[in-house]
Amino acid sequence: MSKIIKIGTRDSELALWQAKTVQSQLEELGYKTELVPVKSTGDIVLDKPLYELGITGIFTRTLDIAMLNHDIDIAVHSLKDVPTQLPKGIVQAAVLKRGNVNDTLVFKHNEEFLGSREAVIATGSLRRRAQWLNRFPTHTIVDLRGNVNSRLQKLADNEHWNGAIFAAAGIGRIGIRPEEAINLDWMIPAPAQGAIMITALGEDDYSLTACSQLNHRETEICTSIEREFLNKLEGGCTAPIGALAKIKNDEVVFKGVLLSFDGSKRIDVTRVKKVGEHHDMAKYCAEFIIERGGKRLMDDIKNGHKNTNVYSTKSFTEDQRVLFHEKAIVEHTDFIKISLNRIHPRFVKNEIENVIITSKNAVESLLTSFSPLELQFKNIYCVGRRTKRMVETKIGKVTHFENSAKKLANYLVDNIKGNTVTYFCSDLRLDDLPTILTENNIKVTEVEAYQTKYDGIRVNDSVESVMFYSPSTVQSFVEKNKAEVIAFCIGDSTANEAKKHFKDVRVAKVPTVESVIELVNEHYV
């Protein structure tokens, strides 16, 4: 045991405490050691939240480089700071027995603010932020960076802050836990929180043999499950993920959580397996979360730092959202609100020979006012495949349909039976259809089935293209936005309106939302 094992560590008080703990245990076994403090990027750059720095392994990279350069033999880390994939050539040498796994709230005066609507809590952790807001959605979270001592000082110096969240193990190990502190046993900790990890070069048999004697098997099992769960969910991005595994009565009990940044969305998983049968535990729990909306949540998190470049004037279904190319960063909301009218019975008391329905909203209005049996329509003419499908499912067979109102009008001029038609429409309908029919001596009785109200918003300047689904959505958009954008349109009528306002107008091959998404993807490939 003549070789001196050089122990690399960050130079913060907590990191040095952890390194000295490893040093003490190795020296008790008869090994010679030397501490080598190294300053990391995470300690130096304190003017941005950790998740904005965009560096994987921010607290471990400097030590990894020092090890690969043979400046140190082993490195001591808080395991929760270590990326789930270690650099090539570096391996986990040991995990020490775990300390307190909890997060701790340090408060300034008392805990009364926990029952208040307004409070200010400081933390630099996305996971803590999301879980706190999930529990206290009206509270304000402010960013807090630095070592444990400097963070405690910032809490004391900011008179408007009510409290700050710390890892219980961190403030406990260096003996600075204030009396004004409570463990947050409801908050699921970071994967491997409270555990100390030692890394070494895979080829360094001497250091690996020495460190293996410090390994705590139970802690290794639990933290491995937590980190595998993180790895299978995270996909390389920083996300609000919590995980905790414990062994009790020869069983592994696991709890995991994934949240949105603002805590408004939360997906939990719990699993219990016997020790020895736990090897697929992390995979099962990650897939459980992914299948229950986790994929969409992770996509939102990954794109959270990117500027929106596409805006949809209609909200998407979950199935539609996943169709977008990764370069299309999309936001969506309904730019028009529909209000169904009560249709007077006089319009349907007798059989109607010719009926025109150009939207699903008109179908909804008819079915809100009458039962299908009351709707005695001899010939039904529609615009759009989905309107046709809805009519045939709920009212009756469609005689003919076209993809635009103008095309349908031209068809009816040559093919309509009789010379009258009842048109169930919106208060904001286009003029094409009734004008063409009237000019060709076909009498049109318009029935206002629903009202279309503009409900647009001002979109971000980063938006370069917009998806439109009706002339009304175009009008609603330009009412609040004057910027030149690429207009992706669902059909000709929508495109004709868009051409009045935008230079670059593109029309979907078929009038479906999915076809408009395909247009967007073709542009952003």
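Whatever comes next refers back to the structure up there.
Residues numbered from 1 in each chain as written. Predicted model: local features only at pLDDT ≥ 70, side-chain atom pairs only at ≥ 80, totals over all residues. Heavy atoms only, no water.

S.K.: Break down the overall build of the protein chain for me, citing the residues and quoting the values.
M.R.: Across its full length, the protein chain holds 17 helices and 24 strands. For 525 residues, the compact-globule estimate of 2.2 N^0.38 gives 24 Å, and the C-alpha radius of gyration of the protein chain, at 32 Å, exceeds that figure by more than 25%. Judged by the C-alpha coordinates and their principal axes, the protein chain covers about 105 × 50 × 50 Å. When the 525 residues of the protein chain are sorted by exposure, 49% land in the buried category. Here the analysis covers contacts within the protein chain between residues at least 6 apart in sequence; of these, 64% occur between residues at least 24 apart. For the protein chain, the exposed area adds up to about 25200 Å²; of that, 46% sits on carbon and sulfur atoms. Each charge class in the protein chain was averaged separately, 69 positive and 69 negative side chains, and the resulting centres sit 3 Å apart. (Helix = DSSP H or I, 4+ residues; strand = E, 2+ residues; numbered from the N terminus. Rg over C-alpha atoms; globule rule 2.2 N^0.38 Å. Buried < 20%, exposed > 50% of the residue type's maximum accessible area, 1.4 Å probe, protein only. Contact = heavy atoms within 4.5 Å. Areas by Shrake-Rupley, 256 points an atom, 1.4 Å probe, with all protein chains shown as cover. Lys, Arg positive; Asp, Glu negative; His and termini not counted. Charge placed at Lys NZ, Arg CZ, Asp CG, Glu CD.)

S.K.: Tell me what's going on with the layout of surface pockets, and back it up with residues and numbers.
M.R.: Rolling a probe over the atoms, with the probe sized like a water molecule, indicates the empty space that remains. The calculated volume of the second largest pocket comes to roughly 1200 Å³. Taken together, 45 residues make up the lining of the second largest pocket; nearest its centre are T358, S359, N361, Y469 and S470. Residue assignment for the lining of the second largest pocket shows that the elements contributing at least two residues are β16 (336-340), α11 (360-369), α12 (385-394), β20 (420-426), β21 (443-454), α15 (471-480) and α16 (492-498). Looking at the lining of the second largest pocket element by element, the count peaks at 4 residues for α12. Split into classes, the residues belonging to the lining of the second largest pocket amount to 17 nonpolar, 20 polar and 8 charged. (1 Å grid on protein atoms, 1.4 Å probe; cavity = no way out; pocket = protein on both sides within 12 Å on 5 of 7 lines; lining within 4 Å. Points joined across faces, edges and corners; volume = space filled by probe spheres on them. Nonpolar A, V, L, I, M, F, W, Y, C, P; charged D, E, K, R; others polar.)

S.K.: Can you break down the pairing of β21 residue by residue, with the values?
M.R.: Regular strands place their side chains on alternate faces of the sheet. Sheet topology places β16 next to β21; 5 bridges connect them, and they run antiparallel. Its bridge partner being in β21, K337 is matched across the sheet by K453. As paired elements, β20 and β21 share 7 bridges and run parallel to each other. Across the sheet, the residue bridging to C425 is E448, located in β21. (Pairing = 2+ DSSP bridges.)

S.K.: Residue-level account of empty space enclosed by the protein, with values.
M.R.: In the structure shown here, the tally under the stated rule is 1 cavity of 30 Å³ or more. In this structure, the largest cavity encloses a volume near 40 Å³. Along its surface, the largest cavity is lined by A508, K509, S515, E518, L519 and E522. Its residues assigned to classes, the lining of the largest cavity comprises 2 nonpolar, 1 polar and 3 charged.

S.K.: Now, about helix α1 (residues 13-28): what can you tell me, with residues and values included?
M.R.: Because each turn of an α-helix spans 3.6 residues, side chains separated by three or four positions in sequence point in the same direction. The terminal C-alpha atoms of α1 lie 22 Å apart, and with 16 residues this matches the ideal 22 Å at 1.5 Å per residue to within 8%. All of the buried residues in α1 are L14, A15, Q18, A19, V22, Q23 and L26. One or two residues past the end of α1 sits G30, with phi positive at roughly 100 degrees. (Expected span 1.5 Å × (residues − 1).)

S.K.: Can you explain the sheet that holds strand β10 (residues 196-201)? Please cite residues and give values.
M.R.: Taking strand neighbours across the sheet as the criterion, the 5 strands line up as β2-β1-β3-β10-β4 in an open arrangement whose pairing is mixed. Of all strands in the sheet, those with a lone pairing partner are β2 (32-37) and β4 (90-95), marking the two edges. Within this sheet the neighbouring strands show an average axis-to-axis angle of 30 degrees, counted without direction. Pairing geometry for β4 and β10, over 5 bridges, is antiparallel. Bridge pairing in β10 places A94 opposite I198. Sitting on the sheet, helix α3 (residues 61-68) touches β1 (4-9), β3 (74-78), β4 and β10, and the angle it makes with β3 is about 170 degrees. (Axes fitted to C-alpha atoms, helices over the stretch in contact; angles between N-to-C directions.)

S.K.: Let's hear about the sheet that holds β21: which residues, and what values?
M.R.: To summarise the sheet geometry, strands pair through backbone hydrogen bonds and adopt either a parallel or an antiparallel arrangement. Taken in spatial order, the 6 strands line up as β16-β21-β20-β17-β18-β19 in an open sheet, and their pairing is mixed. Of all strands in the sheet, those with a lone pairing partner are β16 and β19 (400-402), marking the two edges. Each adjacent strand pair in this sheet contributes to an overall mean axis angle of 25 degrees, direction not counted. With respect to the sheet, α12 is in contact with β17 (352-357), β18 (377-383) and β19, its orientation differing from that of β18 by roughly 155 degrees. Against the sheet, helix α14 (residues 432-439) engages β17, β20 and β21, with an angle of about 170 degrees to β21.

S.K.: Got a sec to walk through the environment of H344? Specific residues and values, please.
M.R.: Inspection of the secondary structure puts H344 in the loop between β16 and β17. With relative accessibility at 42%, the residue H344 sits in the partly exposed group. H344 sits 103 residues away from V447 along the chain, and the two C-alpha atoms are 9.2 Å apart.

S.K.: Talk me through the nonpolar core; I want residue IDs and the actual numbers.
M.R.: Within the largest apolar cluster, 23 residues are counted, with the highest numbers of intra-cluster contacts made by I225, F229, L233, I241, F254, L258 and I289. Ranked by the residues each element gives to this core, the list is headed by helix α9 (residues 281-302), at 8 residues. Among residues more than four places away in sequence, those in contact with L258 are L233, P240, I241, K265, R266, I267, I289, G294, L297, M298 and I301. Of all hydrophobic cores here, the second largest spans 21 residues; its members include A362, L366, I395 and A449. (Core = buried A, V, L, I, M, F, W, Y, C linked by side-chain atoms within 4.5 Å.)

S.K.: Could you give an account of the packing of α11 against α12, naming the residues involved and the relevant values?
M.R.: Running from N to C, α11 and α12 point in directions that differ by 20 degrees, and their axes come no closer than 9 Å. For the element pair α11 / α12, the angle class is roughly parallel. Here K360, V363, E364 and L367 of α11 lie close against α12, whose contacting residues are R386, T387, M390, V391 and K394. A per-class count over the contact of α11 with α12 returns 4 nonpolar, 1 polar and 4 charged. (Parallel < 35°, antiparallel > 145°, perpendicular 65-115°, else oblique.)

S.K.: Run through the packing of aromatic side chains, naming residues and quoting values.
M.R.: Enumeration over the complete set of coordinates arrives at 13 aromatic pairs. Each ring, one from W132 and one from W186, has its centre 5.9 Å from the other, and the planes form 50 degrees; the classification is tilted. One end of the pair, W132, is in helix α4 (residues 126-135); the other, W186, is in the loop between β9 (181-184) and β10, with 54 residues separating them in the sequence. Of the residues examined, W132 reaches a relative accessible area of 0% and is grouped as buried. W186 gets classed as partly exposed once you look at its relative accessible area, which sits at 21%. (Phe/Tyr/Trp six-rings, centres within 6.5 Å; stacked < 30°, edge-to-face > 60°.)

S.K.: Help me get a handle on α9, residues and values and all.
M.R.: For α9, with 22 residues, the first-to-last C-alpha span of 25 Å runs short of the 32 Å given by 1.5 Å per residue. In α9, a bend of some 80 degrees at G293 exceeds every other bend along the element. Taken together, the buried positions of α9 are M281, A282, C285, A286, I289, G294, L297, M298 and I301. Packed against the buried residues of α9 are α8 (217-234), β12 (251-259) and β13 (266-274). (Bend = angle between axes of the 7 residues up to and from the residue.)

These figures capture arrangement, not role.
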